[in-house]
Amino acid sequence: MRDKNRSHGPSNAPGTPAPPMPNWVKASLVIAALVAIVVVVAVLTGGEHGPGRHLGGPSLTDTHPVPVAADSRP
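Owing to the predicted nature of the structure, the values given are computational and were not obtained by experimental measurement. (Residues numbered from 1 in each chain as written. Predicted model: local features only at pLDDT ≥ 70, side-chain atom pairs only at ≥ 80, totals over all residues. Heavy atoms only, no water.)

A. Region of interest: the overall build of the protein. If you tally the helices and strands in the protein, you get 1 helix and 0 strands. Entry remark: accessible area of the protein is about 7600 Å², with carbon and sulfur atoms responsible for 65%. (Helix = DSSP H or I, 4+ residues; strand = E, 2+ residues; numbered from the N terminus. Areas by Shrake-Rupley, 256 points an atom, 1.4 Å probe, with all protein chains shown as cover.)

B. Structural view of a nonpolar patch on the surface. A cluster of nonpolar side chains, Val30, Leu34, Ile37 and Val41, forms an exposed patch at the surface whose accessible area comes to about 370 Å². Relative to the elements of secondary structure, Val41 occurs in helix H1 (residues 23–45). Of the residues examined, Val41 reaches a relative accessible area of 46% and is grouped as partly exposed. (Patch = residues over 30% accessible without salt bridge, like charges linked within 9 Å, V, L, I, M, F, W, Y side chains within 5 Å. Salt bridge = Lys/Arg side-chain N within 4 Å of Asp/Glu carboxyl O. Buried < 20%, exposed > 50% of the residue type's maximum accessible area, 1.4 Å probe, protein only.)

The following block contains the structure:
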């Protein structure tokens, strides 16, 4: 026989509390908030952020003309 007092799914009755938020959702929200804070701090503090920072040499815009050798054909 079925137990009529037992709940078999979410209740739509008014005043019923919502189920608690899963831990993976809480952790995801915390991680997303921390990433957003780091990005905002990086943008506001300026600095040289970007791929040019990892090249290790002069920037690509610092070009110097290369002298062309004179034509040495006979």
